[in-house]
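Commentary on secondary and tertiary structure
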Amino acid sequence: PAEQERLKQDIKTMLRRQNAVLVAHYYTDGALQDLAEETGGCVADSLEMARFGTEHPATTLVVAGVRFMGETSKILNNEKRVLMPDLAATCSLDEGCPAGLFSAYCDEHPDYTVVVYANTSAEVKARSDWVVTSGIALPIIRHLARSGEKVLWAPDRHLGQYVQKQTGAEMIYWPGSCIVHERFRAEALAEMRSRHPQAAVLVHPESPEEVVALADVVGSTTALIQAVVTLPNPEFIVATDAGIMHKMQQLAPGKVLIEAPTLGEGATCQSCARCPWMGMNSLQNLAEVLKTGKNEIVVSADLARKAAIPIRRMLDFAR
Ligand code: CIZ
Ligand code: SF4
């Protein structure tokens, strides 16, 4: 703890001296989330992280999250320095949607509007018409459906199918999934719910359809946090990355939070509902990048210009 305190003081000093601000995702370690808030940065979902970076005057953004979040920050703020605690922090959705193959898929379907989830590389974003996050996907797809557009959706097929059901849009899907959310199990969840009759079930739409079907609330991380604060239930069963519970518990200290069951739960599976890549962010490697300036995100000006168009379209729509 004394060591941890010293580390935090060092980080605070370096952030100040370098005119840097820390932006952390809800799925990262609680210590990082706390530090982001204590130092005037933000803890948020990917949409709010992107927006925060564009509005904050700092000249260095330190992004504690996964690679696509750092890239999005760099795309929107090409003149700023963007650092990440670990550049190997990727995402199964991003990894499962390589730009070359994706671009070919788009070329095969020229009459479709290309909508990609924020969890993609800069190259994939540059090939798209719209970028969306889970918090804004429904209204954007509804808007497109109303104007008669057909949607090519990538890369999370669970989220895509959920959005399709809600909006009735004509959609085709790239076959990607999140290794954390696809592990939630409907049968075990139903059983858990029957043991906790007072609990509300909160599900992120990256989860399989049969898990989403059991939810009292389906929504983005921000929406699920809001649900814990506003719903009267004393207990919540949470089907998304367990890192989110830090913020939930902070805002609603009296509520009981229960992790939803996952595949391989028990002796064979420690922290199944924890994104291994989000978990690569720590106070140690955060201090290290501030000290050395390593792990800077690079996106060429030309690529950033192209990828910024569909992201800005989303940000303008959300306004
Ligand atoms: O699962 C993720 O990586 C999420 C929920 C990202 C986001 O939009 O905040
Ligand atoms: Fe990607 Fe899933 Fe990890 Fe989010 S939780 S970064 S979607 S692998």
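Owing to the predicted nature of the structure, the values given are computational and were not obtained by experimental measurement.

Conventions we followed
Residues numbered from 1 in each chain as written. Chains lettered and ligands numbered in written order. Predicted model: local features only at pLDDT ≥ 70, side-chain atom pairs only at ≥ 80, totals over all residues. Near = placed C-beta within 6 Å. Nonpolar A, V, L, I, M, F, W, Y, C, P; charged D, E, K, R; others polar. Buried ≥ 20, exposed ≤ 12 C-beta atoms within 10 Å, placed from the backbone. Helix = DSSP H or I, 4+ residues; strand = E, 2+ residues; numbered from the N terminus. Contact = placed C-beta atoms within 7 Å. Domains from an automatic or database assignment.

The next point concerns the site of ligand 2. Taken together, 13 residues lie around ligand 2, and Cys 91, Ser 92, Cys 178, Val 180 and Cys 275 are the ones closest in. Looking at the shell around ligand 2 residue by residue, the classes come out as 9 nonpolar, 2 polar and 2 charged.

A few words now on helix H3 (residues 46-55). Those residues of H3 that sit buried are Ser 46, Leu 47, Glu 48, Met 49, Ala 50 and Gly 53. Of the surrounding elements, those touching the buried residues of H3 are strand E1 (20-25), strand E2 (42-44), strand E3 (60-64), helix H4 (67-76), helix H12 (221-230) and helix H15 (301-318).

This part covers the environment of Ala 190. As for its position among the elements, Ala 190 is in helix H10 (residues 186-195). The class for Ala 190 is partly exposed, based on 15 C-beta atoms found within 10 Å. A sequence separation of 21 residues divides Ala 190 from Val 211, and the C-alpha atoms of the two residues are 8.8 Å apart.

Moving on, we come to the domain arrangement of the protein. A common way to express how large an interface is: the accessible area buried when the components associate. For the protein, the assigned domains are domain 1 (2-89 + 279-299), domain 2 (93-173) and domain 3 (181-274). Each partner contributes residues to the interface: domain 1 has 9 residues there, and domain 2 has 9 residues. Take the side of domain 1 that touches domain 2: its biggest share by element is 5 residues, from H4.

Okay, the environment of Leu 159 next. In this fold, Leu 159 is placed in helix H9 (residues 157-167). For Leu 159 and Glu 5, which are 154 residues apart along the polypeptide, the C-alpha to C-alpha distance reads 40 Å. Those residues in contact with Leu 159, other than ones at most four positions away along the chain, are Tyr 117, Ser 134, Ala 137, Pro 205 and Glu 206.

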